[in-house]
Amino acid sequence: MQPYSSARTEFKQEADIYLDANESPFMNGVNRYPDPCQLKLKQKLSGIKNLPMEQILLGNGSDEIIDLVFRAFGCPGKDSVLITPPTYGMYRVLAQLNDLSCIEIPLLPGFSLDMQEIYAVSNQAKIVMLCSPNNPSGNKLRNEDIEQIARRSPGIVFIDEAYIDFSEQESWIRRLDIFPNLVVCQTLSKAWGMAGLRLGMCFASAEIIRVLNKIKPPYNIGKQTQEKALELLDDMQGFKKRLLYLRMEKQRLAEQLKVLPEVLSVYASDANFLLVRFTDSRKVYNYLTASGIVTRNHSSQHLCTNCLRITIGLKSENDRLINALEKIKL
Ligand SMILES: *Cc1c(COP(=O)(O)O)cnc(C)c1O
């Protein structure tokens, strides 16, 4: 396929006068098209992630990246995507949107991968979607399991690492050279605190990135988004400080939740949220909502009966949550 060639991909140098892209000549800060290759931002990320720029692709959120991978590697009406519920809901939505069928291999109790079942069907799946740390369960998947899947799968193995910064686990981007079928996705939405910008990062072999670059919308990341991300990525010290803060708050919250009578279990979490099983999640959810605190009810999902997913907030916010739960009468 011949990709669209934009004005800014054909002429990359600096000029005095730009009459090539039918832009407005009246300056207002955003009258020019943004850099379609996001070079400065990729340079910055290349340094932070210690990976060549040729192995990085940026998307308008992770959702655009997942969609690009599905479109690049999945043949509509023919191919399948393997997913492991309970997991991020967008995988199924984007598979359906691209007319790819979903092979569902539910996680086992303890939220681990059902390796036997995955082996049995992995030949049929064009793309295997793994989420580690997993949303909504919060646990990381076992490295040995992911490695086995990457070795055996004939297609793409996609690892969604949206929460990797909260985890002690080493990112799979360090092993891209060993597994050429690996695609790793991270985001600036969570630990980096830029959910409003919409910036997802895709890391893979240079060969896979070349393919995705061909099909991405040319100007998929806006100018102000690129500039704001560059500015915020400079604050590595603040980033680490906030990670530590959230880790300590998560531990504190988990301990305070565990002793409440309406709490049955607090699952171990490698992310910035806790999955909590209550005696009656619907009542707790409604009670909290009435107290002005909104959580996410995941009760209808596999292995998540009576579970709420609670994001770690500021200390004062977590205190209010605990105060509310201490007063609850079920
Ligand atoms: C939050 C989240 C994302 C991030 O999505 P963006 O579109 O980058 O904001 C990706 N995957 C999972 C599993 C998530 O929970």
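Higher on the page you've got the structure.
Presented here is an overview of the structure given in this document. (Residues numbered from 1 in each chain as written. Predicted model: local features only at pLDDT ≥ 70, side-chain atom pairs only at ≥ 80, totals over all residues. Heavy atoms only, no water.)

1. Structural notes on the packing of aromatic side chains
Our working rule: Any two of the Phe, Tyr and Trp rings considered here, Trp counted by its six-membered ring, make a pair once their centres fall within 6.5 Å; the pair's planes then place it as stacked at under 30 degrees, edge-to-face at over 60, or tilted in between. Counting from the N terminus, the helices are the DSSP runs of H or I reaching at least four residues and the strands are the DSSP runs of E reaching at least two. Burial classification: accessible surface area is computed with a 1.4 Å probe over protein chains only, and a residue below 20% of its type maximum counts as buried, one above 50% as exposed, and the rest as partly exposed. Think of it as a cone above the ring: NZ of Lys or CZ of Arg counts as a charge over the ring if it is within 6 Å of the ring centre and within 35 degrees of the ring normal.
Taken as a whole and assessed by the stated rule, the structure comprises seven aromatic pairs. With 5.3 Å between their ring centres and 80 degrees between their planes, Phe-111 and Tyr-267 make a pair best called edge-to-face. Of this pair, Phe-111 sits in the loop between β3 (101–104) and α5 (115–121) while Tyr-267 sits in the loop between β8 (263–266) and β9 (273–278), placing them 156 residues apart in sequence. For Phe-111, a relative accessible area of 4% corresponds to the buried category. Of the residues examined, Tyr-267 reaches a relative accessible area of 21% and is grouped as partly exposed. Pairing Tyr-163 with Phe-273 gives two aromatic rings, centres 5.1 Å apart and planes at 80 degrees, and the pair type is edge-to-face. Of this pair, Tyr-163 sits in the loop between β5 (156–160) and β6 (182–187) while Phe-273 sits in strand β9, and the two are 110 residues apart along the sequence. The lysine or arginine in question, Arg-152, covers the ring of Tyr-119, its NZ or CZ lying 3.5 Å from the ring centre.

2. So, the side chain of Asn-98
Our working rule: As used in this structure description, the phrase polar contact means that two N or O atoms lie within 3.5 Å; if the pair is within protein, one of them must be able to donate a hydrogen and the other to accept it, and residues adjacent in sequence are counted only when both atoms belong to side chains. Two residues qualify as a contact provided that any one of their heavy atoms is within 4.5 Å of a heavy atom in the partner residue.
Mapped onto the elements of the fold, Asn-98 is located in the loop between α4 (90–97) and β3. Take Asn-98: its relative accessible area is 12%, and that puts it in the buried class. A distance of 2.9 Å separates polar atoms of two side chains, one belonging to Asn-98 and the other to Asp-67. Non-local contacts of Asn-98, meaning those with residues more than four positions away in its chain, are made with Asp-67, Phe-70, Arg-71 and Pro-76.

3. Focus on helix α3 (residues 62–73)
Stated formally: By definition here, a helix of n residues has an expected span of 1.5 Å times n minus one.
Taking 1.5 Å per residue as the helical rise, α3 with its 12 residues ought to reach 16 Å, and the 17 Å between its terminal C-alpha atoms agrees with that figure. Along α3, the residues classified as buried are Ser-62, Glu-64, Ile-65, Ile-66, Asp-67, Leu-68, Val-69 and Phe-70.

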